[in-house]
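# Working through the structure, step by step
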Amino acid sequence: PDSTHATATATTATTTNKSKKKRDDDDDDEAMSGSKRIGEGRVPLPTRVRQCLAGLRSQSPDDVEAAMFAIEGVVLASQDLQGEECSDLARVLLRLEDRVAMEDFDGKRHAGL
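Predicted model, so just to flag it, every value in this text is computed and none were measured. In this numbering scheme, every chain counts its residues from 1 along its sequence in written order. Side-chain atom pairs in this predicted model are given and counted only at pLDDT of 80 or more, local residue features only at pLDDT of at least 70, and totals for whole chains, interfaces and linings cover all residues. Side-chain metrics rest on all non-hydrogen atoms present in the structure, leaving aside hydrogens and water.

When accessible area is computed with a 1.4 Å probe and restricted to protein chains, residues below 20% of their type maximum are described as buried, those above 50% as exposed, and intermediate ones as partly exposed. Under the scheme used here, helices are H or I runs from DSSP no shorter than 4 residues and strands are E runs no shorter than 2 residues, and both carry numbers assigned from the N terminus. Every buried residue of helix α2 (residues 49-57) is listed here: Val49, Cys52, Leu53, Gly55 and Leu56. Projected down its long axis, α2 carries its buried residues within an arc of 165°, all on one side. Only heavy atoms enter the contact rule, under which two residues are in contact if any of them lie within 4.5 Å. Its buried side turned inward, α2 meets α3 (61-77) and α4 (83-95). For this quantity, the arc is that covered by the directions from the helix axis to the C-beta atoms.

As for its position among the elements, Cys52 is in helix α2. In sequence terms Cys52 and Ala67 are 15 residues apart; their C-alpha atoms lie 4.9 Å from each other. Setting aside chain neighbours within four positions, we find Cys52 in contact with Pro46, Ala67, Ala70, Ile71 and Val74.

Confidence of the prediction at every residue is given by pLDDT, a number between 0 and 100. Of all residues in the chain, 64% attain a pLDDT of 70 or more, and the chain-wide mean is 75. Across residues 14-33, confidence stays below pLDDT 50; counting only partners more than four residues off in sequence or on other chains, it has 5 contacts.

Our focus in this paragraph is the packing of α3 against helix α5 (residues 105-112). Every axis in this analysis is a line fitted to C-alpha atoms, fitted for helices over the stretch in contact. Angles between the N-to-C directions lie between 0 and 180 degrees. Contact geometry of α3 with α5 gives a least axis separation of 8 Å together with a crossing angle of 25°. Classified by the angle their axes make, α3 and α5 are roughly parallel. Relative to α5, the crossing made by α3 is left-handed. Facing Met68, Phe69, Ile71, Glu72 and Val75 of α3, the residues of α5 in contact are Phe105, Lys108, Arg109, Ala111 and Gly112. Here the contact of α3 with α5 is composed, by residue class, of 6 nonpolar, 1 polar and 3 charged. Oblique is the label for any angle not covered by the other classes, which are roughly parallel (under 35 degrees), roughly antiparallel (over 145) and roughly perpendicular (65 to 115). In this scheme the handedness of a crossing depends on how the near helix is turned from the far one: anticlockwise by less than a right angle means left-handed, clockwise means right-handed. When residues are grouped by polarity, Ala, Val, Leu, Ile, Met, Phe, Trp, Tyr, Cys and Pro land in nonpolar, Asp, Glu, Lys and Arg in charged, and all others, Gly among them, in polar.

Structure below.
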């Protein structure tokens, strides 16, 4: 009986360690790829204004949410944001409705403007 218990404990520990390693590997992959877990899958966060615009215009709630999470940083990093691109972004953000019930939607939208 003691050897059975020891074997079961060792198996559980090995399974737990494998699960933890898998989660750690997923976190590393996520950090390296610039992806963020959005919704049920992984959607890469936009890194350019045009990508944010495409995400904001998308029918996919995951794309919209990823764009909203990235928009402030992308705008701040874009030193040459001007003209048509700037007015397109403002127009899209002003007309955007919160279809995904996102936390702090108005704050994120305002930060993008």
